[in-house]
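Structural characterization, general
Listed here are the chains, written in short residue letters.
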Amino acid sequence: AQRVTQPEKLLSVFKGAPVELKCNYSYSGSPELFWYVQYSRQRLQLLLRHISRESIKGFTADLNKGETSFHLKKPFAQEEDSAMYYCALRSLGTYKYIFGTGTRLKVLA
Amino acid sequence: DTGVSQDPRHKITKRGQNVTFRCDPISEHNRLYWYRQTLGQGPEFLTYFQNEAQLEKSRLLSDRFSAERPKGSFSTLEIQRTEQGDSAMYLCASSPAGGGYTFGSGTRLTVV
């Protein structure tokens, strides 16, 4: 069965510290992976998709097929990064996403 | 275009009543999706449309749920005979072919 696992419900880091939000998936084929972010009182919005291989707001994520992971990283956290982050998977031939349960990132001053 | 719009933002209803939610997608997007999100969970897929055709439905979508997208524009999601377990945030999203989702703000349903 396809599944996305985000093992941490809450991650607290100090401003300026590195951040890594974990995402592991189970899927036998070639998935498309995404990170979505939800800031306080705002709607879910796309942060990254793995096929773009770009850095958004200083965040990067690399798809590791061997470890079936798509961890989100940022070298220096900022207070405005505090938000809820969801990892999502789309399998080939479908347009539905499977979301993880999310990780709340708190960046402390 | 102001993005994906959902109406109403909040709905409180008594158990057993019917409710209908509306979603207006981004006009250039031919794909439209409905998701449900409960507390502490990520969004769960309910159904999706390509233009006016409903191409996939989740098993979560019981017989009490129905969704339509007449003319391939806005969509409605109706829940008949609501139950307390239907209380959730109902999210709509749209996308162009091959693109990522743009989500609406959601409709929060509370069944009392």
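Owing to the predicted nature of the structure, the values given are computational and were not obtained by experimental measurement.

Quick look at the nonpolar core now. Counting residues in each nonpolar core, the largest one holds 25 residues, and the members touching the most others are A:W35, A:L47, A:L72 and A:Y85. Those elements that provide at least two residues to this core are β2 (10–14), β3 (19–21), β5 (32–38), β6 (45–49), β9 (83–90) and β11 (103–108) of chain A. Counting residues per element, this core draws most heavily on β9(A), at 4 residues. The next biggest cluster of nonpolar side chains, apart from the first, holds 19 residues, and it includes B:I26, B:L46, B:C92 and B:L109.

All names here are of chain B. Here 4 strands make up an open sheet; going across it, the order is β1-β3-β8-β7 and the pairing antiparallel. If you trace the sheet from one side to the other, it starts and ends with β1 (5–7) and β7 (65–68), each paired once. Between one strand axis and the next, the sheet turns through 15 degrees on average, direction left out of account. Pairing of β7 with strand β8 (residues 75–79) involves 4 bridges; the strand directions are antiparallel. Along β8, the bridge assignment pairs E68 with T76.

Another aspect to go through is unusual backbone geometry. Residues B:D7 and B:P8 are joined by a peptide bond in cis, for which omega reads 0 degrees. Within the secondary structure, B:P8 is located in the loop between β1 and β2 (10–13). One non-glycine residue, A:R41, lies in the positive phi region at around 65 degrees. Inspection of the secondary structure assignment puts A:R41 in the loop between β5 and β6. When its relative accessible area of 84% is taken as the criterion, A:R41 is described as exposed. You will see that B:K71, though not glycine, has its phi angle at about 65 degrees, which is positive. In this fold, B:K71 is placed in the loop between β7 and β8. Overall, B:K71 belongs to the exposed group, its relative accessible area being 81%.

Now for the packing of aromatic side chains. Enumeration over the complete set of coordinates arrives at 18 aromatic pairs over all chains. Ring centres of B:Y33 and B:Y48 lie 5.4 Å apart, and the angle between their planes is 20 degrees; on these two criteria the pair is classed as stacked. Remark: B:Y48 occurs in strand β5 (residues 44–50) and B:Y33 occurs in strand β4 (residues 31–37); sequence separation between them is 15 residues. Judged by its relative accessible area of 5%, B:Y48 falls in the buried class. Positioned above the aromatic ring of B:F74 is the side chain of B:R22, whose terminal nitrogen or guanidinium carbon lies 3.9 Å from the ring centre. The residue whose ring lies beneath B:R31 is A:Y95, and the NZ or CZ to ring-centre distance is 3.7 Å.

What follows concerns the state of the cysteines. Taken as a whole, this structure holds 2 disulfides over all chains when the rule is applied. The partner cysteine of A:C23 in its disulfide is A:C87, sulfur to sulfur 2.0 Å. Linking A:C23 and A:C87, the disulfide has an S-S dihedral of approximately -65 degrees and is accordingly described as left-handed. Here A:C23 is found in the loop between β3 and β4 (24–26), whereas its partner A:C87 is found in strand β9, with 64 residues between them in sequence. Residue pairing for B:C23: its cysteine sulfur links by disulfide to B:C92, the two sulfurs lying 1.9 Å apart.

Residues and elements named next belong to chain A. One open sheet holds the 3 strands; their spatial order is β3-β8-β7, and the pairing between them is antiparallel. Strands with a single pairing partner mark the edges of an open sheet, and in this sheet they are β3 and β7 (60–61). Judged from the 3 bridges that link them, β3 and strand β8 (residues 72–74) form a sheet pairing that is antiparallel. For L21, the partnering residue across the bridge sits in β8 and is L72.

What counts as what
- Residues numbered from 1 in each chain as written.
- Chains lettered and ligands numbered in written order.
- Predicted model: local features only at pLDDT ≥ 70, side-chain atom pairs only at ≥ 80, totals over all residues.
- Heavy atoms only, no water.
- Core = buried A, V, L, I, M, F, W, Y, C linked by side-chain atoms within 4.5 Å.
- Buried < 20%, exposed > 50% of the residue type's maximum accessible area, 1.4 Å probe, protein only.
- Helix = DSSP H or I, 4+ residues; strand = E, 2+ residues; numbered from the N terminus.
- Pairing = 2+ DSSP bridges.
- Axes fitted to C-alpha atoms, helices over the stretch in contact; angles between N-to-C directions.
- Phe/Tyr/Trp six-rings, centres within 6.5 Å; stacked < 30°, edge-to-face > 60°.
- Lys NZ or Arg CZ within 6 Å of the ring centre and 35° of its normal.
- Disulfide = S-S within 2.5 Å.

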